[in-house]
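What follows is the residue order along each chain.
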Amino acid sequence: MAAEVGTPSFSQLQSVQKAMALPSVEAAVGQVGALYSKVKGAHSLLEWALSTAEASVTLAAHTAAPFVAAPLAIGDAKVAAALGALERRIPIVTEQPKVIVETTKQAVLSKISPQLNRVYGARVAAEQKVKSLKELSWVKANALLSTAYGQKAMQGVDSGAVYAMRLLDHYLPPVQGETPVSNEIVPADTDPTMHTVQTVGRLSAVAARRVWANLAVKVTELRSSGIELDVRRYITALLAALHLAKVTNDEQQKDQSIEERKEQKSAEPTPENTPSKNETPTSPPTIEIVKASPEAKSEGDQ
């Protein structure tokens, strides 16, 4: 493209020669030229249009060359000086594109590697701390379950799980096609904590599957009988019933508290039967005080 469009005077410019001497610029110009040639040769109409445009640009360049020679020389000198300064400041621009990419990659990695290593180290330390705390908690739980009280608690969990499974088998029997839950449970002597966790988890999984499986079977039976179960209406009615039960319970509690207050008030003594705190004992009259004195008694004896 540059050979077709540019004029000899244009290719002799010092700035153009310096720019083309750079491997990156040369590679970019080569790729652009190859793309331009490919587009130009794709169709005869495109080749005619682009060839006409090239001829027009060449003619315009030759026509304007005498008028822009002086400014072009000044600009060429400035651009050439700028390119020379760029080569002195950043010598890597004179290298091949692959070398530039690899060098840039290494420089970026050298800058961010310490931060990445610090973050990775903190992450590994946190994982190790969490793992150690988990292992310590697990060991303490095993030690606790190995005691007499722990063994009783674990036996209670096992017996409760067996009883709960019997209730599930009675009230929520397994349906056809239900996916069975694994019965593999670690023995209590090997790992008491894992045994307890697996026992409770198995019971929860069986209960959840039985509930949904039996519910699906009942819904299917209702639909086969011609009864369409509206889940939204059912849930709405259930919530309304729960709300009504809550309101009724609150009213009963209020009535009960009112009755208790009335009973407490009726059991309290009335003010007429209890002496007032403000009442003070009356003092005896003066005559009785005189008669009770020793002098009055002696005079009365005489």
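Higher on the page you've got the structure.
Every chain is numbered independently, its residues counted from 1 as its sequence is written. Restriction of local features to residues with pLDDT of at least 70 applies here, the model being predicted, together with a cutoff of 80 or more for giving and counting side-chain atom pairs; totals for whole chains, interfaces and linings are based on all residues. The basis for every side-chain value is the complete set of heavy atoms in the structure, and neither hydrogens nor water enter the calculation.

Novice: So what about helix α4 (residues 23–40)? Which residues, and what values?
Specialist: Only DSSP runs of H or I covering at least 4 residues are called helices, and only runs of E covering at least 2 are called strands; the numbering of each starts at the N terminus. To estimate how far a helix should reach, multiply one less than its number of residues by 1.5 Å. Between the first and last C-alpha of α4 there are 25 Å, a value that for 18 residues agrees with the 26 Å anticipated at 1.5 Å per step. For α4, the complete set of buried residues consists of P23, G33, Y36 and K40. Within α4, the buried residues cover an arc of 150 degrees as seen down the axis, which keeps them to one side. Turned more than 90 degrees off the buried face of α4, the exposed positions are Q31, L35 and K38. For every residue, the accessible area (1.4 Å probe, protein chains only) is compared with the maximum for its type, and the residue is labelled buried under 20%, exposed over 50%, or partly exposed between those bounds. Think of it as the arc spanned by the lines of direction from the helix axis to the C-beta atoms.

Novice: Outline helix α5 (residues 44–89), supporting the account with residue identities and numerical values.
Specialist: Between the first and last C-alpha of α5 there are merely 47 Å, a value that for 46 residues lags more than 12% behind the 68 Å anticipated at 1.5 Å per step. The sharpest bend along α5 comes to roughly 70 degrees, located at V68, with the proline P71 sitting one to four residues further on. If you check which residues of α5 are buried, you get E54, D76, A80, L83 and G84. By definition, a residue's bend is the angle between the axes fitted to the seven residues ending there and the seven starting there.

Novice: For the side chain of N214, give the residues involved together with the corresponding values.
Specialist: Following the sequence through the fold, N214 ends up in helix α8 (residues 192–224). Pairs of N or O atoms within 3.5 Å make up the polar contacts considered here, provided that, within protein, one atom can donate a hydrogen while the other can accept it, and that residues adjacent in sequence are counted only when both atoms are side-chain atoms. Polar side-chain contacts of N214 include one of 3.4 Å to the backbone oxygen of P173. Contacts were defined at the residue level, with two residues in contact if any of their heavy atoms lie within 4.5 Å. Beyond its immediate chain neighbours, meaning those up to four positions away, N214 contacts L172, P173 and V175.

Novice: Which residues make up a nonpolar patch on the surface, and what values do they have?
Specialist: Patches in this entry comprise residues that are over 30% relatively accessible and not in a salt bridge; like charges within 9 Å are linked, as are nonpolar side chains (Val, Leu, Ile, Met, Phe, Trp, Tyr) within 5 Å. Accessible surface is estimated by sampling points in the Shrake-Rupley manner with a 1.4 Å probe; for residues, cover comes only from the protein chains shown. Only one rule defines a salt bridge in this text: a Lys or Arg side-chain nitrogen within 4 Å of an Asp or Glu carboxyl oxygen. Nonpolar side chains collect at one region of the surface, where Y234, I235, L238, L239 and L242 lie side by side and expose about 520 Å² of accessible area between them. When you line up the elements, Y234 lands in helix α9 (residues 231–267).

Interpretation in functional terms is not warranted from these geometric data alone.
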